[in-house]
Amino acid sequence: MKVEFYGHVRQYHNIKSEIDQNIQTVLESGQYVMGPMLKKFEAELAAYHGTRFAVGLGNGTDAIWLALMGLGIGPGDEVITNANTFFATAEAIWIAGATAVLVDCCPDTKCICPEKIEAAITPKTKAIIPVHLYGQCADMTAIKKIADKHKLRVIEDNAQAIGAAGLNFKIAQLSDAATTSFIIQKNLGTFGDSGALVTNNAELDARIRKLRNHGSTQRNVHSYGFNSRLDDLHAGVLSAKLKHIDAWNDNRRKWAARYTAGLKSCKTIDLPVELPGYRHVFHLYVVETKKPEWRDQLVDFLVASGIDAKTHYSIAIHKQPDYPWGRPARVAGPVPNAEANAACCVSLPMFPELKPEEVDYVVEKVKEWDAKFASQAPEGKGLARAGQTCGCGNK
Ligand SMILES: Cc1ncc(COP(=O)(O)O)c(C=O)c1O
């Protein structure tokens, strides 16, 4: 059996008529950039988040640095984020000209550790960018408290968790803005690149709208800006897909539960953790091998068995070759949990259109691999989960 990592074409086939209809509507409208479909999708996206505003942008990276720029954060300012995130979060901080300050994650959730955030704050700190990694929200209640105490801005990097929620908080409720990416592999993805920012801040919304469109809100009148627009064809695809996002996330949760039930007896891996009261939307289902040397062995075994397994993200940002490329950056203290996560992470196939027999085949193969090494597995949790205490109570 072959199990793919993504199911983009299956998803397209399932709602083909809805997507095709919206694409045709745009094609027949004659308005392809900043047209009515973009306006419609922005209204739908804001309503979905319960925010006043949503701005469609070129991609999720632009959404982060435009948010920083819109909040007046740039050279000389420090911005705190995860050491274990997709590279673009730090990259966006550098594009804005600010200093990326990388801090450790909590060992169980892999989301940024509030205690480590507080320890990393200096007089230059201006903002925190928590990443809702793998589809689970960072502890926004604790982060908001820290931000208020130190008068910091908060931008949620929500590229991976649209539709998720925390214990008593929603995304974009406790921050200045939340950004997202609609690159095809995201939970809400179009057939290409795009992104968005949602906010309740009218001033920020107006600034971003201008910045994304060559510094213009009126024909022939410009200020310094960029071209980072979400075009109407992609807005049409996203508008069709947004109607299904909750059901798709429910499916992801269903497959995650099936993986967890099937793999819970494994001795060589630790399984993902969903915090009580949170809605994890499993952008990725990431297990961690208890020994780092097992990560690539497990991936290779699965790939040889026809299962497309991957790693997210096997090289932490500060361990990338030639880091930080002359850009301002600082690793705040040791980051053992982030480094162990990089060393041990293995992502299993995860998309809403998986079939039960595919999930069961993945479980069977992981168990087959586990049986080979179980006798060498350490007692209790593995490197990425054990020993690195996290005092913030989030684990
Ligand atoms: C956590 C995170 N932040 C930012 C991005 C950047 O988004 P984009 O690729 O749309 O620029 C991504 C995904 O690509 C991501 O996973």
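Now for a description of the structure that goes with this document. (Residues numbered from 1 in each chain as written. Predicted model: local features only at pLDDT ≥ 70, side-chain atom pairs only at ≥ 80, totals over all residues. Heavy atoms only, no water.)

Right, let's get into the overall build of the protein. A tally of regular secondary structure across the protein gives 13 helices and 13 strands. Here the C-alpha coordinates of the protein stretch approximately 70 × 55 × 40 Å along the principal axes. Across the 395 residues in the protein, those meeting the buried criterion constitute 57%. A fraction of 75% describes how many contacts in the protein between residues 6 or more apart in sequence connect residues 24 or more apart. Summing over all exposed atoms, the protein offers an accessible surface of approximately 15,800 Å²; the carbon and sulfur share of this is 53%. When the 46 positive and 43 negative side-chain charges of the protein are each reduced to one mean point, those points stand 3 Å apart. (Helix = DSSP H or I, 4+ residues; strand = E, 2+ residues; numbered from the N terminus. Buried < 20%, exposed > 50% of the residue type's maximum accessible area, 1.4 Å probe, protein only. Contact = heavy atoms within 4.5 Å. Areas by Shrake-Rupley, 256 points an atom, 1.4 Å probe, with all protein chains shown as cover. Lys, Arg positive; Asp, Glu negative; His and termini not counted. Charge placed at Lys NZ, Arg CZ, Asp CG, Glu CD.)

Strand pairing within a sheet occurs via backbone hydrogen bonds; the two strands may be parallel or antiparallel. With antiparallel pairing, three strands are arranged side by side in an open sheet as 10-11-13. Each edge of the sheet is formed by a strand with only one pairing partner; in this case those strands are strand 10 (269-270) and strand 13 (345-348). Sheet topology places strand 10 next to strand 11 (residues 285-289); two bridges connect them, and they run antiparallel. In the sheet register, aspartate 270 faces strand 11, and the bridge partner there is glutamate 288. (Pairing = 2+ DSSP bridges.)

Let us now look at the packing of helix 4 (residues 60-70) against helix 8 (residues 202-211). Packing of helix 4 against helix 8 leaves a shortest axis separation of 9 Å and a crossing angle of 120°. Classified by the angle their axes make, helix 4 and helix 8 are oblique. Remark: the crossing between helix 4 and helix 8 carries right-handed chirality. Residue-level contacts link Leu66, Ala67, Met69 and Gly70 of helix 4 to Leu204, Arg207, Ile208 and Leu211 of helix 8. Broken down by class, the residue content of the contact of helix 4 with helix 8 amounts to six nonpolar, one polar and one charged. (Axes fitted to C-alpha atoms, helices over the stretch in contact; angles between N-to-C directions. Parallel < 35°, antiparallel > 145°, perpendicular 65-115°, else oblique. Left-handed = near helix turned anticlockwise from the far one by under 90°. Nonpolar A, V, L, I, M, F, W, Y, C, P; charged D, E, K, R; others polar.)

On to the site of the ligand, then. Around the ligand, a shell composed of 13 residues is seen, among which Gly60, Thr61, Asp157, Ser181 and Lys186 lie nearest. In the model, an oxygen atom of the ligand is placed 2.4 Å from a nitrogen or oxygen of the threonine 61 side chain. Between an oxygen atom of the ligand and a side-chain N or O atom of serine 181, the distance comes to 2.7 Å. Every element with two or more residues in the shell around the ligand is listed here: helix 4 and helix 5 (88-95). Its residues assigned to classes, the shell around the ligand comprises four nonpolar, seven polar and two charged. (Near = heavy atom within 4 Å. Polar contact = N/O pair within 3.5 Å; in protein donor to acceptor, adjacent residues only side chain to side chain.)

Below, the discussion takes up the environment of lysine 241. Position of lysine 241 among the secondary structure elements: in helix 9 (residues 232-242). Along the chain, lysine 241 and isoleucine 19 lie 222 residues apart, while their C-alpha atoms are 7.6 Å from each other. Contacts of lysine 241, omitting those with residues within four sequence positions, involve Gln11, Ile15, Ile19, Ile184, Leu188, Gly189, Phe191 and Trp248.

Between helix 2 (residues 16-29) and helix 9, the shortest axis-to-axis distance is 8 Å and the interhelical angle comes to 150°. In this view, helix 2 runs roughly antiparallel relative to helix 9, as classed from their interaxial angle. Considering how the two elements wind past one another, helix 2 and helix 9 form a crossing that is right-handed. Residues Glu18, Ile19, Asn22, Ile23, Val26 and Leu27 of helix 2 pack against Asp232, Leu233, Gly236, Val237, Ser239, Ala240 and Lys241 of helix 9. Tallied by class, residues from the contact of helix 2 with helix 9 come to seven nonpolar, three polar and three charged.

In this section: the sheet that holds strand 9 (residues 195-199). Taken in spatial order, the eight strands make up an open sheet running 1-9-8-5-4-2-3-12, and their pairing is mixed. Whereas interior strands pair on both sides, the edge strands pair on one side only; in this sheet they are strand 1 (53-57) and strand 12 (329-331). Here the strands of the sheet are splayed against their neighbours by 20° on average, with no regard to which way each runs. Both strand 2 (residues 78-82) and strand 4 (residues 125-129) contribute to a ladder of four bridges, which runs parallel. By the bridge assignment, isoleucine 80 is partnered in strand 4 with isoleucine 128. Relative to the sheet, helix 3 (residues 36-49) contacts strand 1 and strand 9, its axis offset from that of strand 1 by approximately 130°. Sheet strands touched by helix 4: strand 1, strand 2, strand 4, strand 5 (153-157), strand 8 (177-181) and strand 9. Its angle to strand 8, the strand with the most contacts, is close to 160°.

Another aspect to go through is the pattern of salt bridges. Scanning all chains against the criterion turns up 22 salt bridges. Where glutamate 42 meets arginine 212, a salt bridge forms, and the shortest distance between an N and an O atom there is 2.8 Å. One end of the pair, glutamate 42, is in helix 3; the other, arginine 212, is in the loop between helix 8 and helix 9, and 170 residues separate them in sequence. Per residue, the accessibility class of glutamate 42 equals that of arginine 212, and both read buried. The partner of arginine 209 in a salt bridge is aspartate 205, and the shortest N-O contact between them spans 3.1 Å. Linking arginine 209 with aspartate 205, this pair stays in helix 8, spanning four residues, or about one helical turn. Salt bridges linked by common partners bring Asp108, Lys110, Glu288, Lys381 and Arg385 together as one network. (Salt bridge = Lys/Arg side-chain N within 4 Å of Asp/Glu carboxyl O.)

What follows covers the pairing of strand 8. Consecutive residues of a regular strand have side chains that alternate between opposite faces of the sheet. The buried fraction of strand 8 is high, at five of five residues. Of the two faces of strand 8, the one holding Ala177, Thr179 and Ser181 and the one holding Ala178 and Thr180 are both buried throughout. Relative to strand 8, strand 5 runs parallel, the two being bridged by three bridges. Across the sheet, residue glutamate 156 finds its bridge partner in strand 8, namely alanine 178. Strand direction decides the pairing type here: strand 8 and strand 9, joined by four bridges, are antiparallel. Across the sheet, threonine 180 pairs through a bridge with alanine 196, a residue of strand 9.

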